[in-house]
Amino acid sequence: MVDNRIGILAFMNDGGLGAQTRRLTYMINPYRLLVVDSSGFSKNKVQHPEWYSSYNGYIVDGFPTNINCRKFVNGLEHILVCENPLNYYMISYAHHVKAKTYIQVNYEFLDTLANPSLPLPTKFLMPSYWMIDEMIKLYGKDRVMYLPPPIDMHEFDDAYRGNKGNTGKFRILHMIGTLAAHDRNGTLDLIKALPQIKSDFELVIHSQSELPKEYITKDERV
């Protein structure tokens with residue numbers, strides 16, 4: 001994006017949405033932030049207001065009100081949110097003032113699938129090709145765009161230097177983190193594919209919680 005009138009709805013918790021919106025904020029350096037304190041509905045997640053202390057923005061307690069949305073949107077040309085805006089008045093008001101809106105989609109939690117009457121963003125940004133054909137069929141090619149989340153490769157410099165001299169079997173790390181709905185991480189597909197792969201390697205699957213039995217494999221390479 002060329003201009004700097006960009007606003008991001010950011011989360012300051014240590015969950016997935018917190019990581020997702022923090023990375024986008026750091027790389028885009030938006031003109032304005034609306035930061036959500038989700039402690040009221042994410043009681044198990046730590047809040048980190050210090051992440052955004054140097055940015056132009058303000059913190060709201062839980063779901064943004066209509067007044068919060070107007071204050072945030074006024075003067076912006078682009079508004080970016082991840083998963084959903086928490087208050088769809090933000091989308092409709094942005095359209096009213098001719099600002100463009102973007103939702104980086106977590107498909108399994110896409111509100112407009114369950115409620116087609118909700119206002120649609122200018123673009124749905126798909127982080128992978130998973131379900132992108134279904135999205136295009138529903139909303140049209142002009143409204144759906146493949147745009148993977150940004151990665152700062154320099155964050156892996158230490159890991160690269162520490163591992164480049166390693167010897168032994170090729171090791172692959174698959175991150176589950178918190179188990180996603182509808183197997184969004186593709187772990188089940190990975191496990192089903194293992195019998196078709198004959199090469200020798202080590203696969204490490206990392207999860208933050210105990211996995212259901214269908215995610216357990218007896219493959220000795222895992």
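Undergrad: What is the right way to look at helix 3 (residues 89-96) in this model?
TA: All of the buried residues in helix 3 are Met90, Ile91, Tyr93 and Ala94. Looking at the buried residues of helix 3, the elements they touch are strand 1 (6-11), strand 2 (32-37), helix 2 (66-73), strand 4 (78-82) and strand 5 (100-104).

Undergrad: Can you walk me through the sheet that holds strand 1 in this structure?
TA: Strand pairing in a sheet takes place through backbone hydrogen bonds and is either antiparallel or parallel in direction. One open sheet accounts for seven strands, arranged 3-2-1-4-5-6-7; its pairing is parallel. Strand pairing shows two members of the sheet lacking a second neighbour, strand 3 (57-61) and strand 7 (144-146), which therefore form its edges. With direction set aside, neighbouring strand axes in the sheet form an average angle of 20°. As paired elements, strand 1 and strand 4 share three bridges and run parallel to each other. Bridging from a neighbouring strand, Ile6 pairs with His78 of strand 4. Of the strands in this sheet, strand 1, strand 2, strand 3 and strand 4 touch helix 2, which is tilted by about 155° from strand 2. Taken strand by strand, helix 5 (residues 132-139) contacts strand 6 (123-126) and strand 7, and its axis lies near 155° from that of strand 7.

Undergrad: I keep staring at the state of the cysteines and nothing clicks. Help me out?
TA: Covalently bonding the sulfur atom of one cysteine to the sulfur atom of another cysteine gives a disulfide. If you walk through the whole model with that rule in mind, you get zero disulfides. With no disulfide of its own, Cys69 lies 16 Å from the sulfur of Cys82, the closest cysteine sulfur. Cys82 sits in the buried class, given a relative accessible area of 3%.

Undergrad: Before we go on, may I ask you to explain the side chain of His174 in this structure?
TA: Along the chain, the position of His174 falls in strand 8 (residues 171-177). Judged by relative accessible area, His174 falls into the buried class, the value being 13%. A distance of 2.8 Å separates the side chain of His174 from the side chain of Thr187, its partner in a polar contact. Residues contacting His174, with those up to four places away along its chain left out, are Asn185, Thr187, Leu190, Leu203, Val204, Ile205 and His206.

Undergrad: Got a minute to help me understand the pattern of salt bridges in this structure?
TA: Two side chains with opposite charge may pair up if their charged atoms get near one another. Here the structure, examined in full by the defined rule, presents five salt bridges. Notably, a salt bridge pairs Glu155 with Arg23, separated by 2.2 Å at the nearest N-O pair. Of the two residues, Glu155 sits in the loop between strand 7 and helix 6 (157-163) while Arg23 sits in helix 1 (residues 16-28), which places them 132 residues apart along the sequence. Between Lys169 and Asp200 there is a salt bridge, with the nearest N and O atoms lying 3.6 Å from each other. Note that Lys169 is positioned in the loop between helix 6 and strand 8 and Asp200 in the loop between helix 7 (187-193) and strand 9 (202-207), a separation of 31 residues in sequence.

Thresholds, definitions, all that
- Residues numbered from 1 in each chain as written.
- Predicted model: local features only at pLDDT ≥ 70, side-chain atom pairs only at ≥ 80, totals over all residues.
- Heavy atoms only, no water.
- Buried < 20%, exposed > 50% of the residue type's maximum accessible area, 1.4 Å probe, protein only.
- Helix = DSSP H or I, 4+ residues; strand = E, 2+ residues; numbered from the N terminus.
- Contact = heavy atoms within 4.5 Å.
- Pairing = 2+ DSSP bridges.
- Axes fitted to C-alpha atoms, helices over the stretch in contact; angles between N-to-C directions.
- Disulfide = S-S within 2.5 Å.
- Polar contact = N/O pair within 3.5 Å; in protein donor to acceptor, adjacent residues only side chain to side chain.
- Salt bridge = Lys/Arg side-chain N within 4 Å of Asp/Glu carboxyl O.

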